[in-house]
Amino acid sequence: MTTQSLDTVWYTRCPVPTASGLALHRGTLAAEFTGDGLAFGVLQDGPAELARHHFDHQLVGLFREGGNVPALAARSEGAPSRLIGLTWIDEWQSILVRPDSGITDAAGLKGARVALPAWADSRAGSFPRAMALHGFAGALATAGLGLADVRFVEVASGTRSGPTTARWPARPGTGEPWPGLDALAAGEVDAVYVKGARSAEDAARIGAVVAVDLDAAADRRFRVNNGTPRPITVHEDLLAEREDLVVRFLVQTLRAADWAAANPEDVRGVLAAETGSGSDGVDRAYRPGFHTALHPDLSEERRELLRIQKDFLLTHGFLAADVDLAAWTADEPLARAREIVAAEHAGELTA
(Lines give C-alpha, C1' and ligand atoms only; values in the text may rest on other atoms or scores of the structure.)
Protein backbone atom coordinates (compact mmCIF):
# COMPACT_ATOMS: atom_id res chain seq x y z
CA MET A 1 0.00 0.00 0.00
CA THR A 2 1.30 3.46 -0.88
CA THR A 3 -0.02 6.86 -0.02
CA GLN A 4 -0.87 7.38 -3.70
CA SER A 5 -3.43 4.57 -3.34
CA LEU A 6 -4.50 5.58 0.15
CA ASP A 7 -8.26 5.23 0.43
CA THR A 8 -8.74 4.90 4.20
CA VAL A 9 -7.49 6.90 7.15
CA TRP A 10 -7.32 4.75 10.27
CA TYR A 11 -7.29 5.85 13.90
CA THR A 12 -6.44 3.89 17.03
CA ARG A 13 -6.28 4.88 20.67
CA CYS A 14 -6.27 3.44 24.16
CA PRO A 15 -9.31 3.78 26.47
CA VAL A 16 -8.06 6.95 28.16
CA PRO A 17 -8.78 10.70 27.93
CA THR A 18 -7.32 12.16 24.75
CA ALA A 19 -8.29 15.10 22.59
CA SER A 20 -8.18 12.94 19.47
CA GLY A 21 -10.56 10.50 21.19
CA LEU A 22 -12.93 13.38 21.91
CA ALA A 23 -12.72 14.43 18.26
CA LEU A 24 -13.66 10.87 17.35
CA HIS A 25 -16.68 10.85 19.68
CA ARG A 26 -17.85 14.24 18.43
CA GLY A 27 -17.65 13.08 14.82
CA THR A 28 -15.26 15.81 13.73
CA LEU A 29 -12.36 13.45 13.11
CA ALA A 30 -14.27 11.28 10.67
CA ALA A 31 -15.84 14.31 8.99
CA GLU A 32 -12.41 15.83 8.36
CA PHE A 33 -11.38 12.95 6.12
CA THR A 34 -14.63 11.58 4.68
CA GLY A 35 -15.36 15.06 3.35
CA ASP A 36 -12.15 14.70 1.35
CA GLY A 37 -13.28 11.49 -0.32
CA LEU A 38 -11.40 9.19 2.07
CA ALA A 39 -12.92 6.45 4.16
CA PHE A 40 -12.33 6.67 7.91
CA GLY A 41 -11.97 3.67 10.17
CA VAL A 42 -11.29 2.99 13.85
CA LEU A 43 -8.87 0.13 14.31
CA GLN A 44 -10.70 -1.23 17.36
CA ASP A 45 -13.82 -1.61 15.22
CA GLY A 46 -12.04 -2.87 12.12
CA PRO A 47 -11.09 -6.30 10.80
CA ALA A 48 -9.29 -8.52 13.31
CA GLU A 49 -6.30 -8.90 11.00
CA LEU A 50 -5.58 -5.17 11.38
CA ALA A 51 -5.50 -5.27 15.19
CA ARG A 52 -1.76 -5.88 15.33
CA HIS A 53 -1.11 -2.44 13.82
CA HIS A 54 -2.05 -0.82 17.12
CA PHE A 55 1.31 -2.25 18.18
CA ASP A 56 3.49 -2.55 15.07
CA HIS A 57 2.57 0.66 13.20
CA GLN A 58 2.89 -0.96 9.77
CA LEU A 59 -0.37 0.49 8.39
CA VAL A 60 0.34 3.54 6.21
CA GLY A 61 -2.88 5.44 6.91
CA LEU A 62 -2.82 4.96 10.68
CA PHE A 63 -2.82 7.67 13.35
CA ARG A 64 -2.18 6.38 16.88
CA GLU A 65 -2.54 8.10 20.24
CA GLY A 66 -1.72 5.56 22.89
CA GLY A 67 0.76 4.19 25.38
CA ASN A 68 4.43 4.84 24.82
CA VAL A 69 5.60 1.29 25.60
CA PRO A 70 4.21 -0.23 22.37
CA ALA A 71 5.16 2.87 20.37
CA LEU A 72 8.77 2.86 21.57
CA ALA A 73 9.07 -0.93 21.34
CA ALA A 74 7.85 -0.89 17.73
CA ARG A 75 10.21 1.95 16.82
CA SER A 76 13.13 0.08 18.43
CA GLU A 77 12.35 -2.85 16.12
CA GLY A 78 12.36 -0.65 13.01
CA ALA A 79 8.71 0.40 12.71
CA PRO A 80 8.28 3.22 10.14
CA SER A 81 6.62 5.61 12.57
CA ARG A 82 7.15 9.26 13.45
CA LEU A 83 6.33 11.08 16.67
CA ILE A 84 4.10 14.14 16.03
CA GLY A 85 2.87 15.04 19.53
CA LEU A 86 2.97 14.25 23.23
CA THR A 87 0.22 14.53 25.82
CA TRP A 88 0.30 14.19 29.59
CA ILE A 89 -2.75 13.27 31.66
CA ASP A 90 -2.46 12.12 35.26
CA GLU A 91 -4.95 9.27 35.63
CA TRP A 92 -4.82 7.77 39.10
CA GLN A 93 -1.50 5.98 39.21
CA SER A 94 -1.48 4.29 42.58
CA ILE A 95 0.06 1.49 44.60
CA LEU A 96 -2.75 -0.47 46.23
CA VAL A 97 -2.57 -2.67 49.32
CA ARG A 98 -5.02 -4.50 51.56
CA PRO A 99 -6.30 -2.37 54.45
CA ASP A 100 -4.75 -4.75 57.01
CA SER A 101 -1.30 -4.79 55.35
CA GLY A 102 0.30 -2.20 57.59
CA ILE A 103 1.73 -0.51 54.47
CA THR A 104 0.75 3.14 54.49
CA ASP A 105 3.45 4.80 52.39
CA ALA A 106 6.28 4.16 49.97
CA ALA A 107 8.76 3.37 52.75
CA GLY A 108 6.45 0.59 53.91
CA LEU A 109 6.94 -1.23 50.61
CA LYS A 110 10.44 -2.34 51.61
CA GLY A 111 10.49 -6.13 51.60
CA ALA A 112 6.93 -6.37 50.27
CA ARG A 113 5.72 -8.88 47.69
CA VAL A 114 4.62 -6.85 44.66
CA ALA A 115 2.73 -7.97 41.56
CA LEU A 116 4.63 -8.07 38.27
CA PRO A 117 2.62 -9.05 35.15
CA ALA A 118 4.23 -11.77 33.04
CA TRP A 119 5.94 -11.12 29.72
CA ALA A 120 3.55 -11.28 26.77
CA ASP A 121 4.46 -12.73 23.36
CA SER A 122 6.12 -9.47 22.28
CA ARG A 123 7.87 -6.48 23.82
CA ALA A 124 5.07 -4.17 22.68
CA GLY A 125 2.43 -6.45 24.18
CA SER A 126 4.26 -6.55 27.50
CA PHE A 127 3.16 -3.05 28.46
CA PRO A 128 1.37 -4.22 31.67
CA ARG A 129 4.72 -5.55 32.95
CA ALA A 130 6.51 -2.34 31.97
CA MET A 131 3.82 -0.23 33.63
CA ALA A 132 4.01 -2.11 36.91
CA LEU A 133 7.79 -2.11 36.95
CA HIS A 134 8.09 1.63 36.36
CA GLY A 135 5.16 2.37 38.65
CA PHE A 136 6.89 0.62 41.54
CA ALA A 137 10.21 2.22 40.62
CA GLY A 138 8.60 5.65 40.84
CA ALA A 139 6.86 4.91 44.12
CA LEU A 140 9.97 3.45 45.72
CA ALA A 141 12.10 6.36 44.54
CA THR A 142 9.95 8.80 46.51
CA ALA A 143 11.20 7.04 49.65
CA GLY A 144 14.81 6.67 48.51
CA LEU A 145 14.31 2.98 47.70
CA GLY A 146 14.80 0.95 44.52
CA LEU A 147 13.46 -2.15 42.80
CA ALA A 148 15.93 -4.32 44.71
CA ASP A 149 14.06 -3.44 47.92
CA VAL A 150 10.91 -5.41 46.99
CA ARG A 151 10.15 -9.01 46.04
CA PHE A 152 8.42 -9.46 42.69
CA VAL A 153 5.70 -12.06 42.28
CA GLU A 154 4.76 -12.82 38.68
CA VAL A 155 1.04 -12.65 37.85
CA ALA A 156 -0.99 -13.01 34.65
CA SER A 157 -0.52 -10.09 32.27
CA GLY A 158 -4.17 -9.49 31.43
CA THR A 159 -3.43 -9.17 27.69
CA ARG A 160 -4.57 -11.36 24.86
CA SER A 161 -1.96 -13.36 23.01
CA GLY A 162 -1.97 -15.06 19.65
CA PRO A 163 -1.04 -14.37 16.06
CA THR A 164 -2.05 -10.70 16.30
CA THR A 165 -0.32 -10.33 19.72
CA ALA A 166 -2.03 -8.41 22.50
CA ARG A 167 -4.61 -6.04 21.01
CA TRP A 168 -4.91 -3.69 23.97
CA PRO A 169 -5.65 -4.30 27.65
CA ALA A 170 -8.29 -7.00 27.78
CA ARG A 171 -9.74 -5.47 30.94
CA PRO A 172 -11.77 -2.56 29.44
CA GLY A 173 -15.18 -3.80 28.41
CA THR A 174 -14.53 -7.38 29.52
CA GLY A 175 -14.94 -7.20 33.29
CA GLU A 176 -11.43 -8.56 33.83
CA PRO A 177 -9.63 -6.94 36.79
CA TRP A 178 -6.37 -5.09 36.47
CA PRO A 179 -3.40 -7.53 36.47
CA GLY A 180 -2.49 -8.41 40.05
CA LEU A 181 -5.68 -7.25 41.77
CA ASP A 182 -6.99 -10.79 42.16
CA ALA A 183 -3.64 -11.82 43.62
CA LEU A 184 -3.85 -8.90 46.06
CA ALA A 185 -7.35 -9.89 47.13
CA ALA A 186 -6.18 -13.48 47.62
CA GLY A 187 -3.21 -12.44 49.75
CA GLU A 188 -0.67 -13.71 47.23
CA VAL A 189 0.95 -10.27 46.92
CA ASP A 190 1.16 -7.29 49.24
CA ALA A 191 0.93 -4.51 46.67
CA VAL A 192 -0.10 -3.87 43.08
CA TYR A 193 0.36 -0.93 40.70
CA VAL A 194 -2.81 0.30 39.00
CA LYS A 195 -3.89 3.13 36.71
CA GLY A 196 -7.13 4.64 35.47
CA ALA A 197 -10.85 4.84 36.13
CA ARG A 198 -11.70 1.14 35.87
CA SER A 199 -8.93 0.35 38.33
CA ALA A 200 -10.44 2.81 40.79
CA GLU A 201 -13.69 0.88 40.65
CA ASP A 202 -11.90 -2.47 40.84
CA ALA A 203 -10.03 -1.28 43.93
CA ALA A 204 -13.24 -0.26 45.64
CA ARG A 205 -14.81 -3.61 44.77
CA ILE A 206 -12.13 -5.62 46.59
CA GLY A 207 -11.65 -3.10 49.41
CA ALA A 208 -8.06 -2.20 48.48
CA VAL A 209 -6.61 1.07 49.73
CA VAL A 210 -4.02 3.46 48.36
CA ALA A 211 -0.58 3.21 49.94
CA VAL A 212 1.14 5.51 47.44
CA ASP A 213 -0.62 8.10 45.30
CA LEU A 214 1.85 8.66 42.49
CA ASP A 215 -0.17 11.54 41.06
CA ALA A 216 0.54 13.45 44.27
CA ALA A 217 4.30 13.33 43.69
CA ALA A 218 5.42 16.88 42.94
CA ASP A 219 8.23 15.70 40.68
CA ARG A 220 6.80 14.44 37.39
CA ARG A 221 9.75 12.08 36.95
CA PHE A 222 8.21 9.81 39.59
CA ARG A 223 5.02 9.63 37.47
CA VAL A 224 6.64 8.75 34.12
CA ASN A 225 4.98 5.63 32.73
CA ASN A 226 3.19 4.19 29.71
CA GLY A 227 0.72 7.06 29.40
CA THR A 228 2.85 9.83 30.84
CA PRO A 229 3.79 11.15 28.39
CA ARG A 230 1.55 9.62 25.73
CA PRO A 231 2.78 9.83 22.10
CA ILE A 232 0.82 10.60 18.97
CA THR A 233 2.41 8.75 16.07
CA VAL A 234 1.90 8.34 12.35
CA HIS A 235 3.38 6.23 9.57
CA GLU A 236 6.45 7.96 8.09
CA ASP A 237 5.25 7.43 4.49
CA LEU A 238 2.00 9.26 5.19
CA LEU A 239 3.94 12.13 6.75
CA ALA A 240 6.36 12.28 3.81
CA GLU A 241 3.76 12.20 1.05
CA ARG A 242 0.58 13.63 2.65
CA GLU A 243 1.71 15.94 5.41
CA ASP A 244 -1.51 17.90 4.86
CA LEU A 245 -3.51 14.99 6.28
CA VAL A 246 -1.26 14.85 9.33
CA VAL A 247 -1.70 18.58 9.94
CA ARG A 248 -5.47 18.25 9.59
CA PHE A 249 -5.55 15.41 12.11
CA LEU A 250 -3.66 17.59 14.59
CA VAL A 251 -5.93 20.58 13.92
CA GLN A 252 -8.94 18.46 14.85
CA THR A 253 -7.12 17.27 17.96
CA LEU A 254 -6.32 20.83 19.05
CA ARG A 255 -9.89 21.97 18.39
CA ALA A 256 -11.20 19.09 20.49
CA ALA A 257 -8.83 20.02 23.32
CA ASP A 258 -10.17 23.59 23.20
CA TRP A 259 -13.74 22.25 23.29
CA ALA A 260 -12.90 20.00 26.25
CA ALA A 261 -11.58 22.92 28.27
CA ALA A 262 -15.02 24.54 28.11
CA ASN A 263 -17.18 21.40 28.48
CA PRO A 264 -16.07 19.35 31.51
CA GLU A 265 -19.36 17.50 32.01
CA ASP A 266 -19.50 16.38 28.40
CA VAL A 267 -15.90 15.21 28.68
CA ARG A 268 -16.75 13.17 31.77
CA GLY A 269 -19.54 11.45 29.85
CA VAL A 270 -17.21 10.52 27.00
CA LEU A 271 -14.62 9.24 29.47
CA ALA A 272 -17.12 7.00 31.23
CA ALA A 273 -17.88 5.39 27.87
CA GLU A 274 -14.23 5.17 26.80
CA THR A 275 -12.99 3.61 30.04
CA GLY A 276 -16.01 1.38 30.62
CA SER A 277 -16.33 2.81 34.13
CA GLY A 278 -18.98 4.73 36.00
CA SER A 279 -18.92 8.34 37.09
CA ASP A 280 -17.38 7.43 40.46
CA GLY A 281 -14.39 5.85 38.75
CA VAL A 282 -13.94 8.85 36.48
CA ASP A 283 -14.18 11.26 39.41
CA ARG A 284 -11.58 9.32 41.36
CA ALA A 285 -9.16 8.78 38.50
CA TYR A 286 -9.11 12.25 36.94
CA ARG A 287 -8.44 15.25 39.09
CA PRO A 288 -10.22 18.60 38.79
CA GLY A 289 -9.02 20.55 35.78
CA PHE A 290 -7.72 17.59 33.75
CA HIS A 291 -10.06 18.56 30.91
CA THR A 292 -8.11 21.77 30.40
CA ALA A 293 -4.81 20.00 29.73
CA LEU A 294 -5.48 17.70 26.76
CA HIS A 295 -3.52 19.70 24.18
CA PRO A 296 -0.57 17.89 22.59
CA ASP A 297 2.82 19.56 22.46
CA LEU A 298 6.46 18.74 21.82
CA SER A 299 7.95 20.82 24.60
CA GLU A 300 11.42 20.16 25.91
CA GLU A 301 9.92 19.06 29.23
CA ARG A 302 7.77 16.36 27.65
CA ARG A 303 10.60 15.20 25.41
CA GLU A 304 12.81 14.82 28.47
CA LEU A 305 10.13 12.85 30.29
CA LEU A 306 9.79 10.57 27.27
CA ARG A 307 13.56 10.12 27.27
CA ILE A 308 13.38 8.99 30.91
CA GLN A 309 10.77 6.40 29.95
CA LYS A 310 12.76 5.28 26.92
CA ASP A 311 15.90 4.78 28.99
CA PHE A 312 13.98 2.81 31.62
CA LEU A 313 12.44 0.53 29.00
CA LEU A 314 15.82 -0.04 27.36
CA THR A 315 17.46 -0.90 30.67
CA HIS A 316 14.78 -3.44 31.55
CA GLY A 317 14.58 -5.25 28.22
CA PHE A 318 11.43 -3.74 26.72
CA LEU A 319 13.25 -2.29 23.70
CA ALA A 320 15.18 -4.24 21.07
CA ALA A 321 17.57 -1.31 20.61
CA ASP A 322 17.95 2.31 21.63
CA VAL A 323 15.62 4.86 20.03
CA ASP A 324 16.91 8.16 18.67
CA LEU A 325 14.13 10.43 19.90
CA ALA A 326 15.32 13.44 17.88
CA ALA A 327 15.24 11.45 14.65
CA TRP A 328 11.85 9.98 15.56
CA THR A 329 10.24 13.38 16.17
CA ALA A 330 8.65 15.52 13.45
CA ASP A 331 7.96 19.03 14.79
CA GLU A 332 6.54 20.77 11.72
CA PRO A 333 3.01 19.24 11.54
CA LEU A 334 2.08 20.26 15.09
CA ALA A 335 3.65 23.69 14.65
CA ARG A 336 1.59 24.20 11.50
CA ALA A 337 -1.59 22.92 13.15
CA ARG A 338 -1.11 25.30 16.06
CA GLU A 339 -0.70 28.21 13.64
CA ILE A 340 -3.98 27.29 11.95
CA VAL A 341 -5.90 27.05 15.22
CA ALA A 342 -4.34 30.27 16.54
CA ALA A 343 -5.44 32.05 13.37
CA GLU A 344 -8.97 30.71 13.87
CA HIS A 345 -9.00 32.08 17.42
CA ALA A 346 -7.69 35.44 16.23
CA GLY A 347 -10.46 35.57 13.63
CA GLU A 348 -13.08 34.88 16.29
CA LEU A 349 -11.73 37.72 18.41
CA THR A 350 -11.81 40.21 15.55
CA ALA A 351 -15.13 39.11 14.05
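Provided above is the structure to which this section pertains.
Described in the following lines is the structure provided in the data block.

What counts as what
- Residues numbered from 1 in each chain as written.
- Predicted model: local features only at pLDDT ≥ 70, side-chain atom pairs only at ≥ 80, totals over all residues.
- Heavy atoms only, no water.
- Axes fitted to C-alpha atoms, helices over the stretch in contact; angles between N-to-C directions.
- Helix = DSSP H or I, 4+ residues; strand = E, 2+ residues; numbered from the N terminus.
- Parallel < 35°, antiparallel > 145°, perpendicular 65-115°, else oblique.
- Left-handed = near helix turned anticlockwise from the far one by under 90°.
- Contact = heavy atoms within 4.5 Å.
- Nonpolar A, V, L, I, M, F, W, Y, C, P; charged D, E, K, R; others polar.
- Phe/Tyr/Trp six-rings, centres within 6.5 Å; stacked < 30°, edge-to-face > 60°.
- Lys NZ or Arg CZ within 6 Å of the ring centre and 35° of its normal.
- Pairing = 2+ DSSP bridges.

## Thoughts on the packing of helix H4 (residues 68-76) against helix H12 (residues 300-315)
Then comes step 1: Relative to each other, H4 and H12 sit at 65°, their axes nearing to 11 Å. The angle between the axes of H4 and H12 places the two elements in the roughly perpendicular class. You can see that H4 and H12 cross each other, and the crossing is right-handed. Together, Asn68, Val69 and Leu72 of H4 and Leu306, Gln309, Lys310 and Leu313 of H12 make up the contact between the two elements.
Then comes step 2: Here the contact of H4 with H12 is composed, by residue class, of four nonpolar, two polar and one charged.

## Regarding the packing of aromatic side chains
Each pair of aromatic rings is reported with the distance of its centres and the angle of its planes.
Then comes step 1: Inspection of every chain in the model, using the stated rule, returns six aromatic pairs.
Then comes step 2: An aromatic cluster of three or more residues is present, and its members are Tyr11, Phe33, Phe40, Phe63 and Phe249.
Then comes step 3: The positively charged end of Arg220 is found above the aromatic ring belonging to Trp88, 4.7 Å away from the centroid.

## Focus on the sheet that holds strand E9 (residues 209-213)
Then comes step 1: Read across the sheet, three strands follow the order E8-E5-E9 without closing on themselves; strand pairing throughout is antiparallel. Each edge of the open sheet is held by one strand with a lone partner, namely strand E8 (192-194) and E9. Sheet twist, expressed as the average angle between the axes of neighbouring strands with direction ignored, equals 40°.
Then comes step 2: Where strand E5 (residues 94-97) lies against E8, three bridges are found, and the strand directions are antiparallel. When the sheet's bridge partners are listed, Ser94 is paired in E8 with Val194.
Then comes step 3: Here helix H5 (residues 127-141) sits on the sheet in contact with E5, E8 and E9, set at roughly 105° to E8.

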